[in-house]
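Descriptive structure summary
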Amino acid sequence: MPTLGEFTARQLRGLCEVAGLGEQDARTYQDVLVEALGPEAGRRLDLPPSGRTFLSDDHTPVEYSLSFRPDGAPDLRVLLEPGCGSGTLEENGRAGLDTVRAMSRRWGFSAAWLDKVEDLFLPASPHGPLALWCALELRPGGVPRVKVYLNPAARGPARAAETLREALERLGLPQAFAALPPGDGYPFLALDLGDWEQPRVKVYVRHPGLPAAEAGELPRTADGPTAAELRHFAATAAGTTDGDARLSGLPVLSCHVFTDAAADRPSGFTLHVPVRDYARHDGEALDRAVALLGRHGMDPAPLLRALPSLTGRRPRDGVGLIAYLALAHQRGLPPRITVYLSAEAYSVRPPTG
Ligand code: TRP
């Protein structure tokens, strides 16, 4: 029986190949992943997961994503919970901070943004459901770009808006909070920490029961996909042709990207649809992903090649391998589609219907 580290490192090797990363980079990133998981990496998979992370449905503390563009291979990212083996959420957050700080020393990037808001998101007795996640963008050269995900409800859900507003002010974005669309809570604040051309602060908003037709009203950017394009994306990903249909399963999330202190608007927007809750099996989710990639001029071949490196099962024999489909816009760049892929290290959700 493999360990979590062995299992996910093997998946990552296949994904690196799909993303056009060389042997050397693949080996480096396998080690980076295993190290970031800490002692949990050595846990055998016949034992249950040691925590109940909601990073993925089966509590694997790792999720992959492929971010497609109109030309060239997709970018590969891996989301993980460094503190997943900790007994309490407070320890989990500490372990996460230690891991991110070790990365900042190793790769020489500044963690100043994290220092500025640490007390807001990692208080002494944090509320859940998460303390700190990190995502690594695995670019060629063996030095990833790093993002950190924090929980605006860490000081209690009733204080989430206040916490977020205070954090945005400290990050030099006093106008950002007022620019967010209405929604039902803020699941994440994400900070770019690595060597980014233009580091971003990203705020996620939850939209339970959103009619697909209203997806077009969520962005607050000056440009980007049209409302019709967003409606089409939401409806297709959720498998409905009825624009009035409410997406009443797991909520759609919108993400608002702030890069520019002087601006009163975000510079980027992403629509995240949890396709796994709107499909009977992954065959359906995959068909929708392929259709959406094709419509936006992106080659679906890397996605088709990626799935066998994750699992030996057929897509139609489970649901959840494809967790989310997202349409992303960033000012000045062509749109991207991101496909989030589960590790399924512990279990596969059976198909429904
Ligand atoms: N599993 C969680 C969720 O479904 C968190 C999460 C993992 C997530 N990957 C994501 C959220 C991608 C948005 C996009 O909400």
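Preceding this paragraph is the structure being described.
The present account deals with the structure reproduced in this document. (Residues numbered from 1 in each chain as written. Predicted model: local features only at pLDDT ≥ 70, side-chain atom pairs only at ≥ 80, totals over all residues. Heavy atoms only, no water.)

1. Focus on the pattern of salt bridges
- What the rule picks out here adds up to 26 salt bridges.
- Ionic pairing is found between Glu284 and Arg280, a salt bridge with its closest N-O pair at 2.4 Å.
- For Arg313, the salt bridge goes to Asp282, with nearest N and O atoms at 2.6 Å. Of this pair, Arg313 sits in the loop between α8 (301-310) and β11 (322-330) while Asp282 is found in helix α7 (residues 282-295), placing the two residues 31 residues apart along the sequence.
- Salt bridges linked by common partners bring Asp57, Arg276, Asp277 and Arg349 together as one network. (Salt bridge = Lys/Arg side-chain N within 4 Å of Asp/Glu carboxyl O. Helix = DSSP H or I, 4+ residues; strand = E, 2+ residues; numbered from the N terminus.)

2. Let's talk about the packing of aromatic side chains
- This model, assessed by the stated rule, comprises eight aromatic pairs.
- Ring centres of Phe54 and Trp133 lie 5.1 Å apart, and the angle between their planes is 40°; this geometry places the pair in the tilted category. Placement of the pair is Phe54 in the loop between α2 (23-37) and β1 (62-68) and Trp133 in strand β3 (residues 132-137), with a sequence separation of 79 residues.
- For Phe54, a relative accessible area of 39% translates into the label partly exposed.
- With relative accessibility at 3%, the residue Trp133 sits in the buried group.
- Each ring, one from Phe188 and one from Tyr204, has its centre 5.4 Å from the other, and the planes form 90°; the classification is edge-to-face. Here Phe188 is found in the loop between α5 (160-170) and β5 (189-192), whereas its partner Tyr204 is found in strand β6 (residues 201-207), with 16 residues between them in sequence.
- Look at Tyr204 and you get buried, because its relative accessible area is 6%.
- When the ring centre of Trp196 is taken as reference, the NZ or CZ atom of Arg145 above it lies at 5.3 Å. (Phe/Tyr/Trp six-rings, centres within 6.5 Å; stacked < 30°, edge-to-face > 60°. Buried < 20%, exposed > 50% of the residue type's maximum accessible area, 1.4 Å probe, protein only. Lys NZ or Arg CZ within 6 Å of the ring centre and 35° of its normal.)

3. Observations concerning the site of the ligand
- Taken together, Phe54, Leu55, Glu63, Leu79, Trp133, Phe188, Leu253, His272, Arg276, Tyr324 and Tyr340 make up the full set of residues adjacent to the ligand.
- Contacts to the ligand include Phe54, whose backbone N or O atom sits 2.8 Å from a nitrogen atom.
- Across the complex, the protein chains shield 90% of the 350 Å² of accessible surface that the ligand would expose by itself.
- Residues of the shell around the ligand, tallied by class, amount to eight nonpolar, one polar and two charged. (Near = heavy atom within 4 Å. Polar contact = N/O pair within 3.5 Å; in protein donor to acceptor, adjacent residues only side chain to side chain. Areas by Shrake-Rupley, 256 points an atom, 1.4 Å probe, with all protein chains shown as cover. Nonpolar A, V, L, I, M, F, W, Y, C, P; charged D, E, K, R; others polar.)

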